[in-house]
Structures are given as structure tokens and as C-alpha cells.
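Observations on the three-dimensional arrangement
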Amino acid sequence: MDNRILTRQPLQRIPRIQQHSNQVKRKDDKKRVSFSEVLTARLNEKSKVDFSKHAQNRLLARGIEVSEKDLSKLEDGLAKAAEKGSRESLIMVNQVAYVVSVENKTVITAIDDHHLKENVFTNIDSAVFM
């Protein structure tokens, strides 16, 4: 057996490990935001419809105004197309045809009823009438 003398060292306080919360600080306002709030906000952002530059130009050139009600119908039509597995869809809302990339939730182009005559829509796999 070993004959060394063991001396007792005074107990040292071990610092408490702080638990990490699922909150992050936003740089802009130093407010704590929970992960679920950030995730919910991101998902809500994704549910909105974007308009490509081409679609924006078509809306301006053709004098097509998109009201909040029209935008809501367009979003509903997009959701219906997505439920059916569509990729590119023609969505009709109040005499305006929108060609929409369902996967990207982006309006590719818009055509009003005055310009619809004799137009052929290609590269779509569905049509939704709202």
C-alpha cells in the first residue's frame, strides 16, 4: 500500500453552467425572440406570393391593379394548385390570368381580359379559376 499522505484541498466552487434557451437576440432591436416566433414569421413570409420583375412590368404596362382581395384569391388559388401537386399553374382572378410558379410562389406573368384573346398558355400543368 502506498504511504503517501493525502491532504484535503478546500472545495472550490464550480461555476454554474447556464442553460441555453431557444431565444436569439435580434441585432436591430436587442429584443429576445423565441425560435418558434422566428420560424412562424418565416413560414408566414413564405406563404405570400411574389411577383417576378417581368410580372411587375406586365402589370404596369397593362394597367392591372391587384387589390388586397385579388391577392388573397391569388394566394388561395396557389394553395389549391400546390395541394394538387402542380408546378406551373394558370390562376384566373377577376378576368386576369396569372401564370404562377407554384414551387417558388412567384407570379411569372399577368394578362388582363383585353390581352387574353388568341393567347396560348404553354408550360402549365394546371388551371385554377377563383
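These figures come from a predicted structure and were not determined experimentally.

Some points on the sheet that holds strand β5 (residues 96-101)
Strand order in this open sheet of five strands is β3-β6-β5-β4-β7, and the pairing throughout is mixed. The strands lining the two open edges of the sheet, one partner per strand, are β3 (50-51) and β7 (126-129). Note that β3 and strand β6 (residues 106-112) share two bridges and pair parallel. Paired with D50 across the bridge in β6 is T106. Sheet contacts for helix α2 (residues 53-62): β3 and β6; angle to β6, the most-contacted strand, approximately 20 degrees. Helix-sheet contacts for helix α3 (residues 68-83) involve β3, β4 (88-93), β5, β6 and β7, and the interaxial angle to β4 is about 145 degrees.

Observations regarding the nonpolar core
Within the largest apolar cluster, 16 residues are counted, with the highest numbers of intra-cluster contacts made by L74, I91, Y98, V100 and V107. Put simply, the parts of the chain that give this core at least two residues each are α2, α3, β4, β5 and β6. Excluding residues within four positions of it along the chain, V107 makes contact with V49, D50, F51, S52, A55, L74, Y98, V99 and V100.

Describing the confidence of the model for the protein
Residues at a pLDDT of 70 or more form 67% of the protein, whose mean pLDDT is 80. By mean pLDDT, strand β1 (residues 23-25) is the weakest element of the protein at 53, and β4 is the strongest at 95.

So, α3
Between its terminal C-alpha atoms α3 stretches 23 Å, which fits the 22 Å expected from 16 residues at 1.5 Å a residue. Next to the buried residues of α3 lie β3, β4, β5, β6 and β7. Backbone geometry just downstream of α3 places G85 in the positive-phi region, at approximately 85 degrees.

Conventions used here
Residues numbered from 1 in each chain as written. Predicted model: local features only at pLDDT ≥ 70, side-chain atom pairs only at ≥ 80, totals over all residues. Heavy atoms only, no water. Pairing = 2+ DSSP bridges. Helix = DSSP H or I, 4+ residues; strand = E, 2+ residues; numbered from the N terminus. Contact = heavy atoms within 4.5 Å. Axes fitted to C-alpha atoms, helices over the stretch in contact; angles between N-to-C directions. Core = buried A, V, L, I, M, F, W, Y, C linked by side-chain atoms within 4.5 Å. Buried < 20%, exposed > 50% of the residue type's maximum accessible area, 1.4 Å probe, protein only. pLDDT = per-residue confidence, 0-100. Expected span 1.5 Å × (residues − 1).

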